[in-house]
Amino acid sequence: SVYLDIDGKSIDENSFLSKWRNSNNMLSRWDYIGHNKKRYATLRNNMYENGISDYNLIKTELEKIINRKIQDSVTIIISYKHKDDLCTLKRYNNWSRAQINSRKRWLKPILKELNDKNIFYVWLFESGIKLNTKKGHKDEFFFQDRENFFREKIFGSETLCGSVSAIKSNGQILVRNGEGSLRYMMKNIEPEEWNQFFKKN
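This is a predicted model, so every value here is computed, not measured.

Draft legend 1. Structural context of the overall build of the protein chain. When helices and strands are counted, the protein chain shows six helices and 12 strands. For 201 residues, the compact-globule formula gives about 17 Å, and the C-alpha radius of gyration of the protein chain, at 17 Å, lands near that figure. With the C-alpha coordinates aligned to their principal axes, the bounding extent of the protein chain is approximately 50 × 45 × 30 Å. Counting every position in the protein chain, which comprises 201 residues, the buried fraction comes to 49%. If you take every contact in the protein chain between residues at least 6 apart in sequence, the share linking residues at least 24 apart comes to 58%. Here the protein chain has roughly 11,400 Å² of accessible surface; of this, 45% comes from carbon and sulfur atoms. Charge separation in the protein chain, taken as the distance between the mean sites of 36 positive and 25 negative side-chain charges, equals 5 Å.

Okay, here's the thing in structure tokens:
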């Protein structure tokens with residue numbers, strides 16, 4: 001493996017992991033296989049990204065994918081898996097029904113918390129990932145980002161182990177890149193935490 005700092009320069013593995021695991025650095029990571037067959041691990045200074053979005057456009061595009069209506073003004077949380085993510089090699093770009101069901105069981109208690117807070121949740125997968133889901137099932141929440149709208153408009157930074165975004169009806173959008181993002185995002189949407197990301201300059 002080759003380890004690259006945020007400036008693209010090579011560093012040793014211990015230094016890389018120390019920087020990445022220090023939450024104060026607010027770093028995300030993306031790994032990829034180079035033409036020389038080596039694995040490159042890269043640090044990025046973008047654990048969090050925030051801005052203002054077109055809530056109605058996002059809601060409309062999401063409704064096209066899931067083929068059902070989303071309640072007006074609800075907070076939307078989207079988990080996103082990028083193509084070629086080396087986080088879990090056995091799944092990589094092919095998620096079987098058994099693997100999806102295993103992840104759904106893990107998510108079940110979290111989904112209850114989200115429902116209790118009136119938050120709409122869905123997990124999108126970049127086009128090119130094979131997804132063996134229950135197509136047309138009313139409770140399905142794993143979907144393909146078929147036209148890569150969300151990849152291009154929200155999840156532009158490829159991230160090891162995926163990303164999560166929260167979109168509020170006022171257009172405020174927060175993206176957290178990296179492993180464990182859903183649990184962190186559930187904390188971030190609380191008013192005290194959320195407002196820290198959207199303080200007026």
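Draft legend 2. Structural detail: the state of the cysteines. According to the stated counting rule, one finds one disulfide in the structure shown. Between the sulfur atoms of Cys-87 and its disulfide mate Cys-161 the distance is 2.0 Å. Because the torsion about its S-S bond is 90°, the bridge between Cys-87 and Cys-161 counts as right-handed. Residue Cys-87 is located in the loop between β6 (75-81) and β7 (94-95), and its partner Cys-161 is located in the loop between α4 (149-153) and β11 (163-167); the two are separated by 74 residues in the primary sequence. The exposure class of Cys-87 is partly exposed, given its relative accessible area of 28%.

Draft legend 3. How the structure looks around the pattern of salt bridges. A full pass over the atoms with the stated rule returns 15 salt bridges. Here Arg-29 and Asp-31 are joined by a salt bridge, their closest N and O atoms 2.8 Å apart. Between Arg-183 and Glu-113 there is a salt bridge, with its nearest N and O atoms 3.1 Å apart. Taken as a pair, Arg-183 in helix α5 (residues 181-188) and Glu-113 in helix α3 (residues 97-116) lie far apart in primary sequence, 70 residues in all. Owing to a relative accessible area of 40%, Arg-183 belongs among the partly exposed residues under this scheme. In this structure Glu-113 comes out as partly exposed when scored by relative accessible area, which is 30%. It is possible to trace a salt-bridge network through shared partners that takes in Lys-59, Glu-63, Lys-69 and Asp-72.

Draft legend 4. Representation of the side chain of Gln-172 in the model. Its place among the elements puts Gln-172 in strand β12 (residues 172-177). Among the polar contacts listed, one links the side chain of Gln-172 to the side chain of Trp-194, at a separation of 2.7 Å. If we ignore the near neighbours within four places in the chain, the residues touching Gln-172 are Gly-51, Ile-52, Ala-166, Ile-167, Trp-194 and Phe-198.

What counts as what
- Residues numbered from 1 in each chain as written.
- Predicted model: local features only at pLDDT ≥ 70, side-chain atom pairs only at ≥ 80, totals over all residues.
- Heavy atoms only, no water.
- Helix = DSSP H or I, 4+ residues; strand = E, 2+ residues; numbered from the N terminus.
- Rg over C-alpha atoms; globule rule 2.2 N^0.38 Å.
- Buried < 20%, exposed > 50% of the residue type's maximum accessible area, 1.4 Å probe, protein only.
- Contact = heavy atoms within 4.5 Å.
- Areas by Shrake-Rupley, 256 points an atom, 1.4 Å probe, with all protein chains shown as cover.
- Lys, Arg positive; Asp, Glu negative; His and termini not counted.
- Charge placed at Lys NZ, Arg CZ, Asp CG, Glu CD.
- Disulfide = S-S within 2.5 Å.
- Salt bridge = Lys/Arg side-chain N within 4 Å of Asp/Glu carboxyl O.
- Polar contact = N/O pair within 3.5 Å; in protein donor to acceptor, adjacent residues only side chain to side chain.

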